[in-house]
Amino acid sequence: MFPHRLAHVPVITIAKVRGRARGGGDELALACDMIFAARENAVFGQFESGTGALPGAGGIQHLTRRLGRTRAIEAITGADDFDADLAERYGWINRTLPDAELDGFVERLAKRIAGFPPAGVKAAKRAINDLTLPHPANVRSDSAMFLGLVALPESRERLDYLANRGLQTLGDVECDLGDAVAEYPGRGGGVGPVAESGRMPWLAAGRCTCSCVGVFGETSRAGARPAGDAPADPGVTVTAVGDGAGLQAGAARPRRSCHRGSNGRPSSVRVGR
Amino acid sequence: MFPHRLAHVPVITIAKVRGRARGGGDELALACDMIFAARENAVFGQFESGTGALPGAGGIQHLTRRLGRTRAIEAITGADDFDADLAERYGWINRTLPDAELDGFVERLAKRIAGFPPAGVKAAKRAINDLTLPHPANVRSDSAMFLGLVALPESRERLDYLANRGLQTLGDVECDLGDAVAEYPGRGGGVGPVAESGRMPWLAAGRCTCSCVGVFGETSRAGARPAGDAPADPGVTVTAVGDGAGLQAGAARPRRSCHRGSNGRPSSVRVGR
Amino acid sequence: MFPHRLAHVPVITIAKVRGRARGGGDELALACDMIFAARENAVFGQFESGTGALPGAGGIQHLTRRLGRTRAIEAITGADDFDADLAERYGWINRTLPDAELDGFVERLAKRIAGFPPAGVKAAKRAINDLTLPHPANVRSDSAMFLGLVALPESRERLDYLANRGLQTLGDVECDLGDAVAEYPGRGGGVGPVAESGRMPWLAAGRCTCSCVGVFGETSRAGARPAGDAPADPGVTVTAVGDGAGLQAGAARPRRSCHRGSNGRPSSVRVGR
């Protein structure tokens, strides 16, 4: 796909972002060699999950490698807009600059590199690409997944709903797509339900498993310390979205590695039901 | 192990951290799909190295992939507590929020994702997991290493010492475990000694090696610039903990690639003694 | 090479940086297990690209893994100086500390680790190294590339020019090497030219490709929103340095995956001229 080929071109590409870079627009920026954004108005987002799809032109590959697992899952499954400073903190872009300084900064950097001997610059980009760019098979598989998902009735329905409200035309939906994508009235077939630790038998089982590595029990209790600034909640509260069937199935298998506590004392823990 | 399976469940899990998340408790959070923490009171830590062990339930795998080599080595071998903001700067968690906003933020995010069509969300999590989660063999090897290390007499001794002082019961040891773990009176068999560059023959040899790539000499001298804000110390001072026997052995081998200076002039440098 | 072996030594090494750590000096720091820098005066840089070469002693391997693709390309092909705080934001170092606190912080951390049982600390470093250090083949290939590039006439010419102006001797060139390296009067054989999106037919073609995944068109238009804070520029402006011949060649191939819009409506897009 184009964004993937762009990352391989033997020139240095610098993306300068003002306003919104979402979906394929963000994926175009992500395929460039550097991304600098206007602090006051740049917005980044991959809204595809909100319509039943996923980023199919490199977004998953680039964001996962740069943001790491938890931030990439937030950005991609949350499908929300990120302002420029949060995007910098997450490693989504190189950095933000005041809008007034953006052009001068990028021009100076481009001219600077333009004056260097080409062999070293190209060899460096090649070496960095070799360590960071996805295998074409990953790109193709994301793309195929995207095309399959956008063809699903539930995705078509949401895309049509957004299109009727103004997707891809200048207006409120585009300017606040992060909100708009979550305002779909129909809720049939949503990921839901939402549950917190207490209401997750499989996670409750998990707690036991963790206490068998000797520390999680401590976490809740220390978190519950009455004095001091730590509130009465457990140290870690997990909210899950979905039914966890997978884990309960997985959890049905007893885990030998859990029958021994780190304190040496045996503890008989069954994971799952 | 449970934390490893948790990362694979076909639901989106969001960890909300207040108070202390250490050891297995932190590893439970690390296995979730996102981690948000209360800025005022959340504390993260993997204290295992302080007791002779290492994180055996995913901590090494997750932290290394998210924090990168030097920050992961600091977090894991330093075994200290990290406050929420430092944890965010290091990429340990997604981000911190004021305690008062934490519940609302996570609830909104969870409900938002709950309303999206499941196929895209689950496919995205699977694709991100494929790129970021460790191979089960790595998880098993960390776990086996953990179980072997906690069984060593020196580890048992330190764990017993901490247990007698209140490990895993609500109190000072738990609330300041980062300090407590370093207060062990016995020092037999510690990693030590500590040495600075000057006192490291093998590193001094290293300096020569570096000067043969033509730049390190500069670093010290420029660092020593009398005027300006750069102090008189060498640009880079290395502190080493341990005896460096490994390197001296390694350094005994002459390195052909070092017999040429970057300036093209031949330079005869011997590495090591 | 020495820096590569240093990363493998069975001791914990902590680099303390004051003043300038550039080229091989920075690569020595990067090979240590942790890097802490004086906020007021530490400077990091890999200036090699500015002289026609690339970092040949681990810089590419370490920076790419820590900074991610776009930040590593900026640091390495831009060949500029980074102050300590920016280096921390990019993940180049663990973190910065006030110069006055640096020695005490590193001494405390080193003594702390020195007191821990060695088995766990060494096993943790080994496990983290296994996940993060480059294969020796990568190190050798960077080194060979470096030696080949510095031998090129255009590199020799620039290095001689800098040497005559004071490279590796205490003075202005060393203290502001980031600027000095870009002040080479001759411009023969530079990477150039510099072009912005509008003047890149191959990127213009790219825009079409992106609009066929249904989103990039939006980006420009939303970016062009007259009201609001988003300026009239396209959301993403790409500046390219070099001639893009590679992409135009690549772009000549029609891409089947682009003949369908995400909105389900067929769109006939030809990539390239």
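Remember, predicted model here, so these are calculated numbers, not experimental data.

Student: Can you walk me through the confidence of the model for chain A in this structure?
Tutor: Residues and elements named next belong to chain A. On average, chain A scores 78 in pLDDT, and the residues at 70 or more come to 74%. Here residues 204-234 is a poorly scored stretch, pLDDT under 50, and it has 92 contacts once near neighbours within four places are set aside; other chains count. Note that pLDDT drops below 50 for residues 246-273; the model gives that stretch 50 contacts with residues more than four away or on any other chain. This prediction of the complex comes with two scores: 0.82 for pTM and 0.81 for ipTM.

Student: I keep staring at the sheet that holds strand β2 (residues 20-22) of chain B and nothing clicks. Help me out?
Tutor: Whether parallel or antiparallel, the strands of a sheet pair through hydrogen bonds between backbone atoms. Residue and element names in this part refer to chain B. In spatial order, the strands read β2-β4-β5; together these three strands make up an open sheet with mixed pairing. Looking at strand neighbours, the two that pair on one side only are β2 and β5 (82-83), the edges of this open sheet. The pairing of strand β4 (residues 43-45) with β5 spans two bridges and is classified as antiparallel. From the neighbouring strand, F44 faces β5, where its bridge partner is F82. Helix-sheet contacts for helix α2 (residues 24-31) involve β2 and β4, and the interaxial angle to β2 is about 90 degrees.

Student: Help me understand helix α8 (residues 136-150) of chain C in this model?
Tutor: Think of an α-helix as turning once every 3.6 residues; residues three or four places apart then point the same way. Along its 15 residues, α8(C) runs 21 Å from first to last C-alpha, staying within 8% of the 21 Å computed at 1.5 Å per residue. Considered for burial, the residues of α8(C) that qualify are C:V139, C:D142, C:S143, C:F146, C:L149 and C:V150. When α8(C) is viewed along its axis, its buried side chains cluster within an angular range of 130 degrees and face the same direction. Here the buried face of α8(C) lies against α7 (118-132) of chain A together with α1 (2-8), α3 (59-67) and α9 (153-165) of chain C.

Student: Sorry, what's going on with the sheet that holds strand β4 (residues 43-45) of chain C here?
Tutor: Residue and element names in this part refer to chain C. Within the open sheet, the three strands sit side by side as β2-β4-β5. Their pairing is mixed. Each edge of the sheet is formed by a strand with only one pairing partner; in this case those strands are β2 (20-22) and β5 (82-83). The sheet contacts of helix α2 (residues 24-31) involve β2 and β4, and relative to β2 the element is tilted by about 90 degrees.

Student: What should I look at first to understand the environment of A:G186 in this one?
Tutor: Residue and element names in this part refer to chain A. Residue placement: G186 occurs in the loop between α11 (177-180) and β7 (194-196). Residue classification places G186 among the partly exposed residues on the basis of a relative accessible area of 28%. G186 sits 28 residues away from R158 along the chain, and the two C-alpha atoms are 8.9 Å apart.

Student: Is there a simple way to think about the pattern of salt bridges in this case?
Tutor: Oppositely charged side chains can form a pair if their charged atoms are brought close together. Residue and element names in this part refer to chain C. Going through the model one piece at a time under the given rule, you end up with 42 salt bridges over all chains. Notably, a salt bridge pairs R18 with D103, separated by 2.9 Å at the nearest N-O pair. With a gap of 85 residues between them, R18 in the loop between β1 (12-17) and β2 and D103 in helix α6 (residues 99-114) connect regions that are remote in the sequence. Its relative accessible area of 4% is what places R18 among the buried residues. According to the relative accessible area criterion, D103 is partly exposed, its value standing at 34%. Note that K111 is salt-bridged to E107, the shortest N-O span being 2.6 Å.

Student: Quick question: what am I supposed to make of the packing of helix α4 (residues 69-78) of chain B against α6(C) here?
Tutor: Remark: α4(B) packs on α6(C), axes separated minimally by 10 Å, with the N-to-C direction vectors making an angle of 55 degrees. Between α4(B) and α6(C), the angle falls in the class oblique. Taking contact as the criterion, the partners of B:E74, B:T77 and B:G78 in α4(B) are, on α6(C), C:F105, C:L109, C:R112 and C:I113. Across the contact of α4(B) with α6(C), the residue classes break down as three nonpolar, two polar and two charged.

Student: Would you explain the pairing of strand β1 (residues 12-17) of chain B in this entry?
Tutor: Along a regular strand, successive side chains alternate from one face of the sheet to the other. Taking burial as the measure, the six residues of β1(B) include six buried ones, the bulk of the element. Burial along β1(B) is two-sided: the face carrying B:I12, B:I14 and B:K16 and the face carrying B:T13, B:A15 and B:V17 are both buried. Where strand β8 (residues 236-241) of chain A and β1(B) come together, six bridges link them in antiparallel fashion. Across the sheet, residue A:V236 finds its bridge partner in β1(B), namely B:V17. As defined by bridge partners, β1(B) adjoins strand β3 (residues 34-38) of chain B across four bridges and the pair is classed as parallel. Across the sheet, B:K16 pairs through a bridge with B:F36, a residue of β3(B).

Student: What should I look at first to understand the pairing of strand β8 (residues 236-241) of chain B in this one?
Tutor: All names here are of chain B. For β8, the buried fraction is high: six of the six residues fall into the buried class. Because side chains alternate across β8, one face comprises the buried residues V236, V238 and A240, and the other comprises T237, T239 and V241, equally buried. By the bridge criterion, three bridges tie strand β7 (residues 194-196) to β8 in an arrangement that is antiparallel. Bridge pairing links E196 to T239 in β8.

Student: Explain the packing of α4(B) against helix α7 (residues 118-132) of chain C to me, please; I cannot follow it from the model alone.
Tutor: Relative to each other, α4(B) and α7(C) sit at 160 degrees, their axes nearing to 10 Å. When the axes of α4(B) and α7(C) are compared, the pair comes out roughly antiparallel. As α4(B) runs across α7(C), the sense of the crossing is right-handed. Residues B:R69, B:A72, B:I73, B:I76 and B:T77 of α4(B) form the contact with α7(C), whose participating residues are C:V121, C:A124, C:K125, C:I128, C:N129 and C:T132. Across the contact of α4(B) with α7(C), the residue classes break down as six nonpolar, three polar and two charged.

Student: Sorry, what's going on with the packing of aromatic side chains here?
Tutor: Between two aromatic rings, the relevant description is the distance of the centres plus the angle of the planes. Within this structure, the stated rule accounts for 15 aromatic pairs over all chains. Seen in terms of ring centroids, A:F82 and A:W92 are 5.2 Å apart; in terms of plane orientation they differ by 50 degrees. Their pairing is tilted. Residue A:F82 is located in strand β5 (residues 82-83), and its partner A:W92 is located in the loop between α5 (84-90) and β6 (95-97); the two are separated by 10 residues in the primary sequence. Taken as a pair, A:F82 and A:W92 share a single burial class, namely buried. Cluster of aromatic residues (ring-pair linked, three or more members): A:F44, A:F82, A:Y90 and A:W92. Across from the ring centre of B:Y90, 4.5 Å away, lies the NZ or CZ of B:R71, which sits over that ring.

Student: Even after reading the chapter, I still don't get helix α6 (residues 99-114) of chain A, so can you show me in this structure?
Tutor: Along its 16 residues, α6(A) runs 23 Å from first to last C-alpha, staying within 8% of the 22 Å computed at 1.5 Å per residue. A:D99, A:L102, A:F105, A:V106, A:L109, A:A110, A:R112, A:I113 and A:A114 are the residues of α6(A) that are buried.

Definitions and cut-offs
- Residues numbered from 1 in each chain as written.
- Chains lettered and ligands numbered in written order.
- Predicted model: local features only at pLDDT ≥ 70, side-chain atom pairs only at ≥ 80, totals over all residues.
- Heavy atoms only, no water.
- pLDDT = per-residue confidence, 0-100.
- Contact = heavy atoms within 4.5 Å.
- Pairing = 2+ DSSP bridges.
- Helix = DSSP H or I, 4+ residues; strand = E, 2+ residues; numbered from the N terminus.
- Axes fitted to C-alpha atoms, helices over the stretch in contact; angles between N-to-C directions.
- Expected span 1.5 Å × (residues − 1).
- Buried < 20%, exposed > 50% of the residue type's maximum accessible area, 1.4 Å probe, protein only.
- Arc of directions from axis to C-beta.
- Salt bridge = Lys/Arg side-chain N within 4 Å of Asp/Glu carboxyl O.
- Parallel < 35°, antiparallel > 145°, perpendicular 65-115°, else oblique.
- Nonpolar A, V, L, I, M, F, W, Y, C, P; charged D, E, K, R; others polar.
- Left-handed = near helix turned anticlockwise from the far one by under 90°.
- Phe/Tyr/Trp six-rings, centres within 6.5 Å; stacked < 30°, edge-to-face > 60°.
- Lys NZ or Arg CZ within 6 Å of the ring centre and 35° of its normal.

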